[in-house]
Amino acid sequence: MSTRISRRHLLQAGAGALAMQRAATATPPAGKLIVDVHAHLKHGDAEKTEYSAKDIVGVMDAVGIDRSIVFAMSTTTQRSITFAEKAVAEYPKRLIPFLYALPNYERPVLADIDDALTNRGFRGIKIHAGECRLTPYVIDPVLELAGRRDVPCLIDATGSPSVARRLAESFPHTTILFAHMGAYMSRDSGMIDAFIQVAADYDNAYLDLSAVALVFKMEEAVQKVGADKLIWGTDGPHKNPNLNTYAQFEMEKVQRLTIPQADKDKILGGNIVKMLGLT
Ligand SMILES: [Zn+2]
C-alpha cells in the first residue's frame, strides 16, 4: 500500500469518526458552527465540477460541515437563482443561497438580483472575473446594489489585486470576500501578498481561504490582518482524490495552522456566522 493510499484511508476514517462524533452531540452553538462559504451547485454542464445539493450535503455530513453557502455559475443569473432556490428548498437548514451575477445579452439582470435578495431569501452574490470583466461599467451596479441590500459579494478576481483594490475602495459599504486569497491554487506569493494588503487596507475586504495552495500565506494573513478578515471555504465538491477527502484536506489546512483555536473557530465559521447573522 502506498503512502498516498494509506493517508487517504486514514483521512476517510477520520472524517467518518468526526461525523459520528458530531452526530452524537447536539447542534453546536452558532459561534461554533463550521460553515463552508464556497460550494458549487451543479447546473448541468458536464465539463464543470459542480454537484447536486445532495452531493454537497453528503460531503458536509461526512466531514463535519454544518452549513454551506451554495451557488451555481457558468450559467445565467436567472438559472443560478432557480438552482440555488431548489437546493435550499431541499436542505433549508444546511444550505445558504447566493446568486450568480453575470451580464446577459437579452435583458438586464439587476432587477432579478434585487428581487432574489429582497424577496427570495438570497444572502449574497457570487461574481467571477473568469466569466465577465470587473470593469466599472460591467460590475459596479451589482456592487452598489449589494451595499444597499447589505449582502456580501464573493468575488473571484482571478489574480488581479488592482481590481480588488478598486472594488474595495469604490464600495466601502459593500462587504467583499476575495476568493482563494487572490486566485485559484496560485503559487504567486507576490500577488497573494497584494490581496492580503487589500484586506489590511479596507474594512470591507475579506479573504476567502478556499483552494489556497500556499498554506503558509494563511498564517501570514492572520498575523497581518487578523483572523477576523479570513473566511474558510472548500471551493468543492471536487473529485480529487474523492469528494470527502478533498473537503477534509481543505478544512485541515486551517486546523493545522499555528494560531490560537479561537482564531480557527472564527475562520471556520464564526466570522461568516456574524456577517450573515446565522443562528
Ligand atoms: Zn469556486
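Below is a summary of the structure that appears in this document. (Residues numbered from 1 in each chain as written. Predicted model: local features only at pLDDT ≥ 70, side-chain atom pairs only at ≥ 80, totals over all residues.)

What about the sheet that holds strand β1 (residues 35–40)?
- Taken in spatial order, the eight strands line up as β1-β2-β3-β4-β5-β6-β7-β8 in an open sheet, and their pairing is parallel. Two strands lie at the open edges of the sheet, namely β1 and β8 (230–231), each paired on one side alone.
- Taken strand by strand, helix α5 (residues 136–149) contacts β4 (124–128) and β5 (153–156), and its axis lies near 160° from that of β4. (Pairing = 2+ DSSP bridges. Helix = DSSP H or I, 4+ residues; strand = E, 2+ residues; numbered from the N terminus. Contact = placed C-beta atoms within 7 Å. Axes fitted to C-alpha atoms, helices over the stretch in contact; angles between N-to-C directions.)

Re the pairing of strand β2 (residues 67–71)
- Buried residues dominate β2, accounting for five of its five residues.
- Sheet topology places β1 next to β2; four bridges connect them, and they run parallel. Of the residues in β2, the one forming a bridge with Asp36 is Ser68.
- As judged from the three bridges shared by β2 and strand β3 (residues 95–100), these two strands associate in the parallel manner. (Buried ≥ 20, exposed ≤ 12 C-beta atoms within 10 Å, placed from the backbone.)

Remarks on helix α3 (residues 77–90)
- Here α3 is 14 residues long and its end C-alpha atoms lie 20 Å apart, about the 20 Å a rise of 1.5 Å per residue gives.
- Taken residue by residue, α3 has Thr77, Ser80, Ile81, Phe83, Ala84, Ala87 and Val88 as its buried positions. Buried residues along α3 cover an arc of 165° about the axis, so they all sit on one side. (Expected span 1.5 Å × (residues − 1). Arc of directions from axis to C-beta.)

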